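Letter by letter, the chains look like this.
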Amino acid sequence: MDPVYFEVLLITFKIAGWTTVISVVGGFPVAYYLANANPHDRNTLIIWVLLPFWTSFLVRTFAWMILLGRNGAVNQLLLALGVVDAPASLIFNLTGTLIGMSHAMMPLAVMTMLPVMLTIDGNLSRAAATLGAGRAQIFWRIYVPQCMPGVSAAAMMVFISSLGFFITPALLGGARETMLTQVIITQIQELLNWPAASTLSALLLAASVIVFVAYDRVVGLSSLAGGSTDRSARSTTAWSRAVGGVGRSIVNALGSICAAIGAVIAALLPDRLFRRLGGGASLCLFALVVAFLLAPTLFVIPASFTPGNSVQANPNGFSLRWYETVFASTDWTSAAWNSLIVGLASGFLALVLGTMAAFALAWSRFPGKTAALAVILSPLIVPRIVIAVALFFLYSKLELVGTATGLVIAHAVLAVPYVVITVMAVLATYDRRLDQAAAVMGAGRWQILRRITLPIIKPGLLSAFLFAFATSFDELTVALFLTGGSFSTLPRQMWSDLLLQINPTLAAVATLLLAVMTGLLFLNERIRRSAGRA
């Protein structure tokens, strides 16, 4: 292999590794605060954590390009506070790449750790307190070890997802931060070297598989589904024992350090003030991280109403001219229409296929069931650029490149895992005695499905459809390979404009996309709450 490609692979792993560390460390206090909030507040707060996750990658990256620029809001704030004497270089380098990627991945880390934290028995901490353990000792030696299945699963999901990034490093990174996916795109779009692109895609896929195998050997893939990592519950290896020993040593050392610091602070402060300090610190960390997640998304909105010809952090005046430009442009309106049609069609197709698969996986027993689930969920794990290259080769033989049909099928493939996960979760709580009672009364299988089962799980199906629609509506990587000419989607049109120039039209489109995604998020939450009350 060319040493250049090996160096790019190392850079890819380095960026993915740092993104994982930042996302997990930053997401932990958010998950901790959510896990210890009362259920009603938790459901409301989760919406704000998920809002950036539902927002288009392009919209978020576009917002960071404005915020981190030399004249952006971040540099203006640093200059005003006297932190720097001249605008800092925050974009087109490793800093910009890590900020953008960590912002994108942190909600995923939070939502992976949260379910594990919710299952932790609070009686263990209370028992430790009864035996005289301090708050720091309880946190590091009782609470944190129980969080490790969620932490390891979050790290795995973030790392694997980060390996396939190309939008954020392409727009926020520099030449020294080129990732493998960017090289693949260059080989295809600029050099038309498809064999090299295929080889690099295979290399990226192999790297992902190696990481998965290593994770399974050390931690166990069952932790990705919330299973136990208890060594007594599965076979152990020398690597898993060694890594576990190192992890316990680190956690114990942190526990001793924090306990010593906590003892000093407790000695200086009254007990009541010390307890409030702990709660206040947790709230501050949660607020800071959520502000980091929301700031770029919400910043796009005022920038879209600028009357000037350039995107400004603080626009002087208010104008709808850029929205009028968007709605008057046939390029933008046709791209939006294409995205809507493709999203609805692929969402419906994914819902049908994914629901059938979920029924089979949840309620049937057959050989190879675990392997079938792994294959169905593989689009979540395999880097999307690899899927795009593979689909292009397949479609070129089927003459589906550049067609709406081809894009609908491709987006359905990407959305099916979300439908399967959502519907399987609904079926796990479904009371099958209702079906049995209907069968006793003489109803056939089709009647039971149509009149009993589907009406009961309808909220879950609607939620699954919204996930599938949002996945398609925001998808860019596959669209870059399978669309072109007169057929383009909204993300593809945004990408083409971003490469040429940052202008307020993009801010207007980004705001419209944000409104659509936010509406879908709140609609999904309303459906979920309605189902919970039913």
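Residues numbered from 1 in each chain as written. Predicted model: local features only at pLDDT ≥ 70, side-chain atom pairs only at ≥ 80, totals over all residues. Heavy atoms only, no water.

**Student:** I'd like to hear about the overall build of the protein chain, residue by residue, with values.
**Tutor:** Helix and strand counts for the protein chain come out as 22 helices and 0 strands. With 534 residues in all, the protein chain has 47% of them scored as buried. Taking all contacts inside the protein chain whose residues are at least 6 apart in sequence as the whole, residues at least 24 apart take part in 75%. By element, 67% of the accessible surface of the protein chain is carried by carbon and sulfur atoms, the whole surface being about 25,900 Å². (Helix = DSSP H or I, 4+ residues; strand = E, 2+ residues; numbered from the N terminus. Buried < 20%, exposed > 50% of the residue type's maximum accessible area, 1.4 Å probe, protein only. Contact = heavy atoms within 4.5 Å. Areas by Shrake-Rupley, 256 points an atom, 1.4 Å probe, with all protein chains shown as cover.)

**Student:** Provide a residue-level description of the packing of aromatic side chains, including the pertinent values.
**Tutor:** Inspection of every chain in the model, using the stated rule, returns 17 aromatic pairs. Arranged with centres 4.6 Å apart and planes meeting at 25 degrees, the rings of Tyr33 and Phe286 form a pair that is stacked. With Tyr33 in helix H1 (residues 3-35) and Phe286 in helix H12 (residues 271-303), this residue pair connects regions lying 253 residues apart in the sequence. Judged by relative accessible area, which is 23%, Tyr33 ranks as partly exposed. Note on Phe305 and Tyr323: the rings are 5.2 Å apart at their centroids and 35 degrees apart in plane angle, and the pair reads as tilted. Note that Phe305 is positioned in the loop between H12 and helix H13 (321-328) and Tyr323 in helix H13, a separation of 18 residues in sequence. Here the two residues Phe305 and Tyr323 agree in accessibility, since each one is buried. Members of the aromatic cluster, joined through ring pairs, are Phe28, Tyr32, Phe139 and Tyr143. We note Arg432 situated over the ring of Trp363; from NZ or CZ to the ring centre the distance is 4.1 Å. (Phe/Tyr/Trp six-rings, centres within 6.5 Å; stacked < 30°, edge-to-face > 60°. Lys NZ or Arg CZ within 6 Å of the ring centre and 35° of its normal.)

**Student:** I'd like to hear about the environment of Phe481, residue by residue, with values.
**Tutor:** Relative to the helices and strands, Phe481 resides in helix H20 (residues 477-482). In this structure, the C-alpha to C-alpha distance between Phe481 and Val401, residues 80 residues apart in sequence, is 8.0 Å. Once residues lying within four places of it in the same chain are set aside, the contact partners of Phe481 are Ile185, Ile188, Trp194, Ile385, Ala388, Val389, Phe392 and Val401.

**Student:** Account for the packing of H1 against helix H5 (residues 94-118), naming residues and giving values.
**Tutor:** At a closest axis distance of 6 Å, the pairing of H1 and H5 adopts a crossing angle of 45 degrees. Between H1 and H5, the crossing angle belongs to the class labelled oblique. Here H1 runs over H5; the crossing is right-handed. Across the contact of H1 with H5, the residue classes tally to 21 nonpolar, 6 polar and 1 charged. (Axes fitted to C-alpha atoms, helices over the stretch in contact; angles between N-to-C directions. Parallel < 35°, antiparallel > 145°, perpendicular 65-115°, else oblique. Left-handed = near helix turned anticlockwise from the far one by under 90°. Nonpolar A, V, L, I, M, F, W, Y, C, P; charged D, E, K, R; others polar.)

**Student:** Help me get a handle on helix H15 (residues 369-381), residues and values and all.
**Tutor:** With 13 residues, H15 should cover 18 Å at 1.5 Å per step; its first-to-last C-alpha distance of 18 Å lies within 8% of that length. In H15, a bend of some 35 degrees at Val375 exceeds every other bend along the element, and Pro379, a proline, comes one to four places later. (Expected span 1.5 Å × (residues − 1). Bend = angle between axes of the 7 residues up to and from the residue.)

**Student:** Account for the packing of H15 against helix H17 (residues 404-428), with residues named and values stated.
**Tutor:** The geometry of H15 relative to H17 is characterised by a closest axis approach of 7 Å and an angle of 120 degrees between their N-to-C directions. Overall, the two elements H15 and H17 adopt an arrangement that is oblique. Read as a crossing pair, H15 and H17 show a hand that is left-handed. Across from Leu373, Ile376, Leu377, Pro379 and Leu380 in H15, the residues of H17 making contact are Val413, Leu414, Val416, Pro417, Tyr418, Val420, Ile421 and Met424. In terms of residue class, the contact of H15 with H17 is made up of 13 nonpolar, no polar and no charged.

**Student:** Can you break down unusual backbone geometry residue by residue, with the values?
**Tutor:** Of note in the backbone geometry, Phe92 takes a positive phi value of approximately 60 degrees without being a glycine. Relative to the helices and strands, Phe92 resides in the loop between helix H4 (73-81) and H5. For Glu399, which is not glycine, the phi dihedral falls at a positive 60 degrees. Among the secondary structure elements, Glu399 is positioned in the loop between helix H16 (384-398) and H17. According to the relative accessible area criterion, Glu399 is exposed, its value standing at 68%.

**Student:** Describe the nonpolar core, listing the residues and the values that go with them.
**Tutor:** Counting residues in hydrophobic clusters, the biggest one holds 85 residues, and the most contacted among them are Leu58, Phe62, Val478, Phe481, Leu482, Met494 and Trp495. In terms of residue count, the dominant contributor to this core is helix H22 (residues 504-533) (9 residues). In terms of nonpolar packing, the next biggest core, distinct from the first, is built from 40 residues, Ile11, Met101, Ala104 and Leu294 among them. (Core = buried A, V, L, I, M, F, W, Y, C linked by side-chain atoms within 4.5 Å.)

**Student:** Quick one: what's the story with a nonpolar patch on the surface, residue by residue and with numbers?
**Tutor:** A contiguous nonpolar patch, built from Trp18, Val21, Ile22 and Val25 and spanning about 370 Å² of accessible area, is present on the exposed surface. Within the fold, Ile22 resides in helix H1. (Patch = residues over 30% accessible without salt bridge, like charges linked within 9 Å, V, L, I, M, F, W, Y side chains within 5 Å. Salt bridge = Lys/Arg side-chain N within 4 Å of Asp/Glu carboxyl O.)

**Student:** Before we move on, can you summarise the pattern of salt bridges with the specific residues and values?
**Tutor:** Any two side chains of opposite charge can pair, so long as their charged atoms come close to each other. Inspection of every chain in the model, using the stated rule, returns 2 salt bridges. The partner of Arg384 in a salt bridge is Glu475, with the nearest N and O atoms 4.0 Å apart. Here the residue Arg384 occupies a position in helix H16, and Glu475 occupies one in the loop between helix H19 (445-473) and H20, the gap between them amounting to 91 residues. Arg433 serves as the salt-bridge partner of Asp431, at 3.0 Å between the closest nitrogen and oxygen.

Worth remembering: the numbers are spatial, not functional.
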